[in-house]
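Letter by letter, the chains look like this.
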Amino acid sequence: MYIRSFLLIALVAISIGCASSSKQVPQGMGDAGFSRLKNIASFEALPKGTMVIQTKDEWKKIFSTNSQSYKQKIDFDKSMVICISWGISFSGCYDEVETIERVEIRADEIEIVLGPLPDLGPCEMVVYPTELVVIEKSKLPVRFSGPVPR
């Protein structure tokens, strides 16, 4: 009796799983994964705003004075870097922030959805809150939404 009930429940679960799997987002569209670059020295040379870095030459040009950033291993044949710089802040402890909530790939664009700048900590020092993430390389235009630094 218990085995039949178990098998019936298992069959129902499998059929529900198969039905829901048919509603998958087409490959290459929807929420995209990204990885954050960590432990990078101060970004004081970066202007406030957003950047999409597509090549190793662009990376070297932007980070030529920052030896720690320059050493990052990024495969620009397969990846690109999204950079959000919040400019100078006169009070805080942290340069590295996490403001990207999600990355969405659509048929005509990539949307980077930002949340608010988090608390930078109780320290009284100059910081340059910046976030760098690596996403899969694409020729689609990149659009930033949410509280974008300008």
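Residues numbered from 1 in each chain as written. Predicted model: local features only at pLDDT ≥ 70, side-chain atom pairs only at ≥ 80, totals over all residues. Heavy atoms only, no water.

Novice: Account for the overall build of the protein, naming residues and giving values.
Specialist: From N to C terminus, the protein includes three helices and eight strands. Taken from the N to the C terminus, the helices and strands of the protein come in the order α-β-β-β-α-α-β-β-β-β-β. Per-residue burial over the protein gives 37% buried out of 150 residues. At a minimum sequence separation of 6, the contacts of the protein that also span at least 24 residues come to 79%. Working note: accessible area of the protein is about 9,700 Å², and carbon and sulfur atoms make up 57% of it. (Helix = DSSP H or I, 4+ residues; strand = E, 2+ residues; numbered from the N terminus. Buried < 20%, exposed > 50% of the residue type's maximum accessible area, 1.4 Å probe, protein only. Contact = heavy atoms within 4.5 Å. Areas by Shrake-Rupley, 256 points an atom, 1.4 Å probe, with all protein chains shown as cover.)

Novice: Describe the sheet that holds strand 1 (residues 30–32), with residues and values.
Specialist: Spatial ordering of the open sheet is given by 1-5-6-8, a layout of four strands whose pairing is mixed. Edge strands, defined here as strands with exactly one partner in the open sheet, are strand 1 and strand 8 (142–145). Strand-to-strand, the axes of this sheet are offset by a mean angle of 30°, without reference to chain direction. Bridge analysis of strand 6 (residues 110–114) against strand 8 gives four bridges, and the strand direction is parallel. Residue pairing in the sheet places Glu-111 in a bridge with Arg-143 of strand 8. (Pairing = 2+ DSSP bridges. Axes fitted to C-alpha atoms, helices over the stretch in contact; angles between N-to-C directions.)

Novice: Summarise the nonpolar core; cite the residues concerned and give the values.
Specialist: Ranked by size, the top nonpolar core spans 16 residues in total, and within it Ile-82, Ile-84, Ile-100, Ile-112 and Ile-135 carry the most contacts. Sorting the residues of this core by element identifies strand 4 (79–85), strand 5 (100–105), strand 6 and strand 7 (130–136) as the ones contributing at least two each. For Ile-100, the contacting residues outside a window of four places in its chain are Phe-34, Arg-36, Ile-82, Ile-84, Ile-112, Val-113, Leu-114, Glu-131 and Val-133. Residues Met-51, Ile-74, Val-81 and Leu-132 belong to the second largest nonpolar core, which totals twelve residues. (Core = buried A, V, L, I, M, F, W, Y, C linked by side-chain atoms within 4.5 Å.)

Novice: Outline the confidence of the model for the protein, listing residues and values.
Specialist: On average, residues of the protein score 78 in pLDDT, and 71% of them are at 70 or above. The least confident element of the protein is helix 1 (residues 2–21), whose mean pLDDT is 36; the most confident is strand 8, at 97. Low confidence marks residues 1–27, where pLDDT is under 50. Its contacts with residues over four positions away, or in another chain, come to one contact. (pLDDT = per-residue confidence, 0-100.)

Novice: I'd love a proper account of the packing of aromatic side chains, names of residues and values included.
Specialist: Within the structure shown, the criterion is met by one aromatic pair. Note on Trp-59 and Phe-76: the rings are 6.2 Å apart at their centroids and 50° apart in plane angle, and the pair reads as tilted. With a gap of 17 residues between them, Trp-59 in helix 2 (residues 56–63) and Phe-76 in the loop between helix 3 (67–70) and strand 4 connect regions that are remote in the sequence. Just as Trp-59 is buried, Phe-76 falls in that class too. (Phe/Tyr/Trp six-rings, centres within 6.5 Å; stacked < 30°, edge-to-face > 60°.)

Novice: Talk me through a nonpolar patch on the surface; I want residue IDs and the actual numbers.
Specialist: Nonpolar side chains collect at one region of the surface, where Ile-88, Phe-90 and Val-126 lie side by side and expose about 310 Å² of accessible area between them. In this structure, Ile-88 sits in the loop between strand 4 and strand 5. (Patch = residues over 30% accessible without salt bridge, like charges linked within 9 Å, V, L, I, M, F, W, Y side chains within 5 Å. Salt bridge = Lys/Arg side-chain N within 4 Å of Asp/Glu carboxyl O.)

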